[in-house]
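Report on the structure
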Amino acid sequence: MKDLIQHIAQAIVEYPDQVVVTEEHEEDLIVYRLRVAESDMGRVIGKEGRIANAMRILLRVAAIRRGTRAILEIGEGVSASRMDRAPRIEREPEPEAEPEPEAELEPQAEFEPELEPEPEPGEESELEAEVKAEGESEL
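The present account deals with the structure reproduced in this document.

So, how was this worked out
- Positions within a chain are numbered from 1, following the residues in the order the chain's sequence is written.
- Reporting of local features is limited, given that this is a predicted model, to residues whose pLDDT is at least 70; pairs of side-chain atoms are given and counted only at 80 or more, and all residues count toward the totals for whole chains, interfaces and linings.
- Only heavy atoms go into the side-chain values, all of them from the structure, while hydrogens and water stay out.
- Criterion for a salt bridge: a side-chain nitrogen of Lys or Arg within 4 Å of a carboxyl oxygen of Asp or Glu.
- Partly exposed describes any residue whose relative accessible area lies between the buried limit of under 20% and the exposed limit of over 50%, with all areas from a 1.4 Å probe on protein chains only and scaled to the type maximum.
- Going along the chain from the N terminus, every DSSP run of H or I of four or more residues is numbered as a helix, and every run of E of two or more is numbered as a strand.
- The length a helix should cover is 1.5 Å for every residue beyond the first.
- Only heavy atoms enter the contact rule, under which two residues are in contact if any of them lie within 4.5 Å.
- Following DSSP output, two strands are said to pair if at least two bridges run between them.

Digging into the pattern of salt bridges
One pass over the full model with this rule turns up six salt bridges. In this structure, Arg33 engages Glu24 in a salt bridge whose closest nitrogen and oxygen atoms are separated by 2.7 Å. What makes Arg33 buried here is its relative accessible area of 12%. Take Glu24: its relative accessible area is 34%, and that puts it in the partly exposed class. For Glu73, the salt bridge goes to Arg33, with nearest N and O atoms at 3.0 Å.

In structure tokens, the structure reads:
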């Protein structure tokens, strides 16, 4: 995993000879610290931390495949992944609460558009009467 981080970092920096990756074992966690030339920090971190986050994801995947946990710290400061280092507190599972009864929904009436009643044979419908009246008013 150390080689993976080193290989990725060396591929993206201008000064690959200044890439240093150290490995420290702490309880059930492996901490990898990546140091690069100061001018290369932006390249390793990337816009909005995208490259650093991608490297952390790859490291986590490799660690999971080996059955361990690993984090990556970049530069002298503490990285965002430091949160992963908080000690795990074993808690008893909370008793499952009874599910809340679902609110009963009132049945919805089917939507039916209001239709004009069929005219008796020989009668005009209201629509036909309106059209006829408009046609006569234009003349």
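Re helix H3 (residues 50–65)
A rise of 1.5 Å per residue sets the reference length of H3, with its 16 residues, at 22 Å; its end C-alpha atoms lie 23 Å apart and thus fit the reference within 8%. Summarising the contacts, the buried residues of H3 are in contact with helix H1 (2–12), strand E2 (29–35), helix H2 (41–45) and strand E3 (69–74). Among the residues trailing H3, Gly67 stands out with phi positive, at a value near 75°.

Brief notes about the pairing of E3
Of all six residues making up E3, five are buried, and the element is well covered by its neighbours. Where E2 lies against E3, six bridges are found, and the strand directions are parallel. Along E3, the bridge assignment pairs Ile30 with Ala70.

Section: the environment of Ala37
Within the secondary structure layout, Ala37 lies in the loop between E2 and H2. Residue contacts for Ala37: discarding those within four places in its chain leaves Tyr15 and Gln18.

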